[in-house]
Amino acid sequence: MKCETCGRELRNVEIGLSRKLINRGTEIFFCLDCLAEKYKTTEQKLIELAEYYYKHGCTLFR
């Protein structure tokens, strides 16, 4: 899968975050750079958020 904005190949964490933040059934995915820009945050904050969801059992990050 590729980022909707920049076309970069996506990692699993980016796909999981896109599904968590946009919609679980989304077919539109973004890389960390583009997600951070879209939500006006930093990549580090998004990684911390993904780790939080993973630790709390969210199946999108398995």
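Note: the structure precedes this text.
Conventions we followed
Residues numbered from 1 in each chain as written. Predicted model: local features only at pLDDT ≥ 70, side-chain atom pairs only at ≥ 80, totals over all residues. Heavy atoms only, no water. Axes fitted to C-alpha atoms, helices over the stretch in contact; angles between N-to-C directions. Helix = DSSP H or I, 4+ residues; strand = E, 2+ residues; numbered from the N terminus. Parallel < 35°, antiparallel > 145°, perpendicular 65-115°, else oblique. Contact = heavy atoms within 4.5 Å. Nonpolar A, V, L, I, M, F, W, Y, C, P; charged D, E, K, R; others polar. Expected span 1.5 Å × (residues − 1).

Visitor: What am I meant to see in the packing of helix H1 (residues 12-21) against helix H3 (residues 43-55) here?
Guide: When two helices pack together, their arrangement is captured by the angle between the axes and the distance separating the axes. Across the interface, H1 lies against H3 with an axial gap of 10 Å and an inter-helix angle of 80°. As summarised for this structure, H1 and H3 are arranged roughly perpendicular, according to the angle between their axes. The segment H1 lies against H3, with Val13, Leu17, Lys20 and Leu21 engaging Leu46, Leu49, Ala50 and Tyr53. Of the residues belonging to the contact of H1 with H3, the class tally is seven nonpolar, no polar and one charged.

Visitor: Just checking my understanding: could you explain H3 for this structure?
Guide: Side chains of residues three or four places apart in an α-helix project in the same direction, reflecting 3.6 residues per turn. Taking 1.5 Å per residue, 13 residues should reach 18 Å; H3 reaches 18 Å between its end C-alpha atoms and fits that length. One or two positions beyond H3, positive phi appears at Gly57, with a value near 85°.

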